[in-house]
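Fold and geometry: a report
Spelled out, the chains give:
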Amino acid sequence: MLLLTTWEAAYRTIGWRPWVFPAPSHVVDSLLNMLNVNTAFGEPLHARWPRPETPSTAKAKSPVTSPLVIANVVSLTRLAVGFAASIALGGLLGLAMWRLKPLDEFLGPLFLGLQTLPSVCWVPLGILTFGINETAILFVLIMGSFFAIAISLRDGLGTIPPLYRRAGLMLGATGWRLYRYVLLPASLPALTSSLRQGFSFAWRSLMGAELLFMVERHGLGFLLSTGRELSDVAQVVAVMIVMVLIGMLADRFAFARLERVVHHRFGLLAAQ
Amino acid sequence: MTVARAPHISSPGITAAPPTASTTSGGKLVLRGIDKNFDGSSVPALRGVSLTCAPGEFVVVVGPSGSGKSTLLNIAAGMIHADAGEVSLDGKPVDGPGPERAMVFQDHGLFAWLTAEQNVEFGLKMLGVGRSERRDRVAAALAAVHLTRSADKLVHELSGGMRQRVAIARSLVVDPKVLLMDEPFASLDAQTRTLLHGQLQELWLKTNKTILFVTHSVGEAVRLADRIIVLHSHPGRIRREINVDLPHPRNFDSRDIGELVHVVRREIEDEVNRVNAIGAEEVWKPQAAADLGAPADHLGSGI
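Residues numbered from 1 in each chain as written. Chains lettered and ligands numbered in written order. Predicted model: local features only at pLDDT ≥ 70, side-chain atom pairs only at ≥ 80, totals over all residues.

**Description of the overall build of chain A**
A count of helical and extended segments in chain A gives 11 helices and 0 strands. Considered along the principal axes of its C-alpha atoms, chain A spans approximately 80 × 50 × 35 Å. The buried share of chain A, reckoned over its 272 residues, is 35%. Contacts in chain A between residues far apart in sequence, at least 24 positions, make up 69% of those at least 6 positions apart. (Helix = DSSP H or I, 4+ residues; strand = E, 2+ residues; numbered from the N terminus. Buried ≥ 20, exposed ≤ 12 C-beta atoms within 10 Å, placed from the backbone. Contact = placed C-beta atoms within 7 Å.)

Given below as structure tokens:
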């Protein structure tokens, strides 16, 4: 807060140009304008402040159809579809790698290697294979996240105490029931961490992909890219803030909470 | 003033079979000629081990670590396959783990994501027992180990002793023919252990289960067993069988038990020394153990 105040104050005293580097107030304006709310916090104080000094002639539009809301809907839909596919694929492969040693020996190092590849590096391959379309964006998202899910799931499953398996067998949990009633619940801590990690990979990959793909439906990455093309630094910063917020909120309120619930159940917090 | 009696110790064959209860529920566990070699080990873990537990008998296998006693138990459980020999329960060969040979592990092995009650219920669920019967049997099992009030606690909220009691309840609730116990009290403190010895004895007298119990503690063996099997290590073989003819329920503080512990300890002293010497770097003979002796022998001597 202090930093923001200092920044704003310095800005007003020195009088930088907003297109070089924006003040917090410009970023707020840009953010609200993308929501079809017309404000001008960034203008010097005047009678109409914080409304723009010269009122816009355009008809006011509903925030529901504003660019930012639409971009969020588009991006989050892609995220939901891609992340679900990534979980399915990564989950299956992680499970297979855990059960089948030869597969693990073959795929494990490969996946670890591919995981170090920044996800935007999948963009050219996506374009050449699928063209510039939704499928290519999903391709980048999935490639960027499912290795991480598979690897962390395999590692997590590997840490299940063998005693659970023996106890389950001893009590008559055979065949699929051993998986359903013993190994699946036993792997919950591993599953939640792997989901959490997978999500952050998926979100980053999606933003990268959207930034580079100009497709029909415009996601958050597209807004960022537009800001760059219009040299609208305030918009660029505003979109970045939205991206960070979404990532943080999802992590804090979905994945971290899930992890906490599971860890409490397993008594993993008690040690701390 | 009573005269010190001779310790209640005898060799099999000399005394009559240990006092066993009715055989209606079955539970005759037979291990015959068990050989087991683990990969990469030059000495077999077990060689030619044969052991029969009569229905309702409490058999304790004692031996130093590495003597293959846990391996023997796991073979009886069907968790490990023997290289040679056979295991049978009431005449039926054992070829895998199952609830008729329920096991209590040293590290309890309770499912951390379930409450005490749900852990006990687990085996019944796997057996397909109906909901209302399940509820009754779980309640009875928890009551038998005096844990009714902790039914809703998660595993990490229970103390070590309570966890083992839940583990025992979980094994008994499925009504096994044999209860296999792998050093179940080894990681508990002495007071809790004594408490659980009492509870286990009480449970055993009430349920009449055949129990095969593994421990390295001679005191524990003498307190609980009808018959003690002393295992020899490198390779694991049965060295001696000792019948404990003390009546149940036993008072663990009684002099008889103290004396018998002393005698059994002497029996296996060579073996412990031999095992210790295997680990020693040079030719090293452990000194004769500082033995306090049986209390009755020396009581008042030198006054």
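**Details of the environment of B:K209**
Tracing the sequence through the fold places B:K209 in the loop between α5 (190-207) and β9 (210-215). Sequence-distant contacts of B:K209, defined by excluding residues within four places in its chain, comprise B:G27, B:P176, B:V178, B:L179 and B:W204.

**Comments concerning the nonpolar core**
Among the nonpolar cores identified, the biggest contains 83 residues, and B:V59, B:V60, B:A76, B:A169, B:L180, B:L212 and B:I228 are the most heavily contacted of them. Residues lining this core come from more than one domain, with at least three contributed by each of domain 1 (24-58 + 67-100 + 178-256 + 270-289) and domain 2 (110-175) of chain B. Apart from the residues lying within four places of it in its own chain, the contact partners of B:A76 are B:L29, B:L31, B:V87, B:R101, B:L180 and B:L212. The next biggest cluster of nonpolar side chains, apart from the first, holds 51 residues, and it includes A:W98, A:I151, A:A202 and A:V236. (Core = buried A, V, L, I, M, F, W, Y, C linked by C-beta atoms within 7 Å. Domains from an automatic or database assignment.)

**Here we look at the interface of chain B and chain A**
Interfaces are often sized by the amount of accessible area the parts lose when they come together. Counting from both sides, the interface comprises 21 residues of chain B and, opposite them, 16 residues of chain A. Residue assignment for the side of chain B that touches chain A shows that the elements contributing at least two residues are β7 (101-104) and α2 (116-127) of chain B. In terms of residue count, α2(B) provides more of the side of chain B that touches chain A than any other element does, 4 residues in total. Tallied by class, residues from the side of chain B that touches chain A come to 16 nonpolar, 4 polar and 1 charged. (Nonpolar A, V, L, I, M, F, W, Y, C, P; charged D, E, K, R; others polar.)

**Topic: the domain arrangement of chain B**
Residues and elements named next belong to chain B. Looking at the assigned domains, one finds that chain B contains domain 1 (24-58 + 67-100 + 178-256 + 270-289) and domain 2 (110-175). Relative to domain 2, the C-alpha centre of domain 1 lies at a distance of 25 Å. The partner domain 2 presents 10 residues to the 12 residues of domain 1 that form the contact. Among the elements that line the side of domain 1 that touches domain 2, the one with the most residues is α5, at 6 residues. Classifying every residue of the side of domain 1 that touches domain 2 by side-chain character gives 8 nonpolar, 4 polar and no charged.

**Quick word on the sheet that holds strand β6 (residues 92-93) of chain B**
Note on sheets: strands pair through backbone hydrogen bonds, and any given pair is parallel or antiparallel. Residue and element names in this part refer to chain B. Here we have 4 strands laid out as an open sheet, ordered β3-β2-β5-β6, and antiparallel in their pairing. The open sheet terminates on both sides in strands that have one partner only, identified here as β3 (46-53) and β6. Here strand β2 (residues 29-36) runs beside strand β5 (residues 84-89); their pairing, made up of 5 bridges, is antiparallel. By the bridge assignment for β5, L31 is matched with V87. Contacts between helix α1 (residues 69-77) and the sheet are confined to β2, β3 and β5, with β2 contributing the most and set at about 120 degrees to the helix. (Pairing = 2+ DSSP bridges. Axes fitted to C-alpha atoms, helices over the stretch in contact; angles between N-to-C directions.)

**Some details on the confidence of the model for chain B**
All names here are of chain B. Averaged over every residue, the pLDDT of chain B is 80; the share at 70 or more is 81%. Taken as a whole, residues 1-7 scores under 50 in pLDDT and shows 4 contacts with residues more than four places along the chain or in a different chain. Note on residues 10-24: pLDDT is under 50 here. Beyond four places in sequence and across chains, it has 22 contacts. For this predicted complex, the interface confidence score (ipTM) comes to 0.77, while the overall pTM stands at 0.75. (pLDDT = per-residue confidence, 0-100.)

**A look at helix α2 (residues 24-34) of chain A**
Residues and elements named next belong to chain A. Where α2 is concerned, the buried positions are S25, H26, V27, D29, S30, N33 and M34. Buried residues in α2 make contact with α1 (2-14), α3 (67-99) and α11 (233-266). Count one or two residues on from α2 and you reach N36, which has phi positive near 60 degrees.

**Focus: the pairing of strand β4 (residues 58-62) of chain B**
Residue and element names in this part refer to chain B. Here β4 lies mainly inside the structure; 5 of its 5 residues are buried. Side chains of β4 alternate between two faces, with F58, V60 and V62 and V59 and V61 buried alike. Where β4 and β9 come together, 5 bridges link them in parallel fashion. Considered in β9, the bridge of V62 is made with T215. Two strands pair when backbone bridges link them, and β4 and strand β10 (residues 227-232) are joined in this way by 4 bridges, in the parallel orientation. The partner of V61 across the bridge, within β10, is I229.

**Description of the packing of α3(A) against helix α9 (residues 188-212) of chain A**
All names here are of chain A. Interaxial distance between α3 and α9 falls to 10 Å at its minimum, and their mutual angle equals 130 degrees. For the element pair α3 / α9, the angle class is oblique. Seen along the crossing, α3 lies across α9 with a hand that is right-handed. Along its contact with α3, which presents S75, R78, L79, G82, F83, S86, I87 and G90, the element α9 presents L195, G198, F199, A202, W203, L206 and E210. Tallied by class, residues from the contact of α3 with α9 come to 8 nonpolar, 5 polar and 2 charged. (Parallel < 35°, antiparallel > 145°, perpendicular 65-115°, else oblique. Left-handed = near helix turned anticlockwise from the far one by under 90°.)

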